[in-house]
Amino acid sequence: QVQLVESGGGLVQPGGSLRLSCAASGSIFSIYAMGWYRQAPGKQRELVAAISAGGSTLYADTVKGRFTISRDNAKNTVYLQMNSLKPEDTAVYYCNRGRYYSSSYYPSDYWGQGTQVTVSS
């Protein structure tokens, strides 16, 4: 059974930084792509960043240059480093195990419980 557990969310001032972590268990982590999504109140869940098994990455235009996704296969963990945070980044952030091909990410039904990120002064 696949389990994904996010951590690292919190309250941060505009311009600040946070690093989210997603620990995975129950499958061979290294062969899967991983993605970070977010959902703000009243909005649809959207893809923020994804990383393939081989380390290729893609980002939403709204976070390019500010967020960095990475993975540590030895720790079965995917990270999202978020810098220069803006109030519009406020959302619940979820990780997902999926597939990555043709420069696109395809989510599976495996989601974590989410971690709240609030950017406010």
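Visitor: Sorry if this is basic, but what is going on with the side chain of Arg71 here?
Guide: Mapped onto the elements, Arg71 comes out in strand 7 (residues 67-72). Of the buried charged residues, Arg71 lacks a salt bridge, with Asp72 as the closest side chain of opposite charge at 8.4 Å. Here Phe29 takes part through its backbone oxygen, which lies 3.0 Å from a polar atom of the side chain of Arg71. Among the polar contacts made by the side chain of Arg71, one reaches the main-chain carbonyl oxygen of Ser52 at a distance of 3.0 Å. Those residues in contact with Arg71, other than ones at most four positions away along the chain, are Phe29, Ser30, Tyr32, Ala33, Met34, Ile51, Ser52, Ala53, Thr77 and Val78.

Visitor: For this particular structure, what's the right way to read the environment of Ser30?
Guide: Among the secondary structure elements, Ser30 is positioned in the loop between strand 3 (18-25) and strand 4 (33-39). With 68 residues separating them in the primary sequence, Ser30 and Gly98 have C-alpha atoms 12 Å apart. Apart from residues no more than four positions distant in its own chain, Ser30 is found in contact with Ala53, Arg71 and Asn73.

Visitor: How should I be thinking about the sheet that holds strand 8 (residues 77-82) in this particular structure?
Guide: The strands making up a sheet associate through backbone hydrogen bonding, with each pair oriented either parallel or antiparallel. In spatial order, the strands read 1-3-8-7; together these four strands make up an open sheet with antiparallel pairing. Each of the sheet's edge strands pairs with one partner strand only, and the pair in question is strand 1 (3-7) and strand 7. Strand-to-strand twist across the sheet, computed as the mean angle between neighbouring axes with direction ignored, equals 15°. Note that strand 1 and strand 3 share five bridges and pair antiparallel. Bridge assignment links Glu6 to a residue of strand 3, and that residue is Cys22.

Visitor: What exactly am I supposed to notice about the packing of aromatic side chains here?
Guide: This structure, assessed with the given rule, holds four aromatic pairs. Measuring from centroid to centroid gives 6.5 Å for Tyr94 and Trp111, while their planes differ by 90°, and the two rings are edge-to-face. Pair noted here: Tyr94 is in strand 9 (residues 91-101) and Trp111 is in strand 10 (residues 104-111), with a separation of 17 residues, a long-range link. Taken together, a centroid distance of 4.6 Å and an interplanar angle of 20° make the contact between Tyr101 and Tyr106 stacked.

Conventions and cut-offs
- Residues numbered from 1 in each chain as written.
- Predicted model: local features only at pLDDT ≥ 70, side-chain atom pairs only at ≥ 80, totals over all residues.
- Heavy atoms only, no water.
- Helix = DSSP H or I, 4+ residues; strand = E, 2+ residues; numbered from the N terminus.
- Buried < 20%, exposed > 50% of the residue type's maximum accessible area, 1.4 Å probe, protein only.
- Lys, Arg positive; Asp, Glu negative; His and termini not counted.
- Salt bridge = Lys/Arg side-chain N within 4 Å of Asp/Glu carboxyl O.
- Polar contact = N/O pair within 3.5 Å; in protein donor to acceptor, adjacent residues only side chain to side chain.
- Contact = heavy atoms within 4.5 Å.
- Pairing = 2+ DSSP bridges.
- Axes fitted to C-alpha atoms, helices over the stretch in contact; angles between N-to-C directions.
- Phe/Tyr/Trp six-rings, centres within 6.5 Å; stacked < 30°, edge-to-face > 60°.

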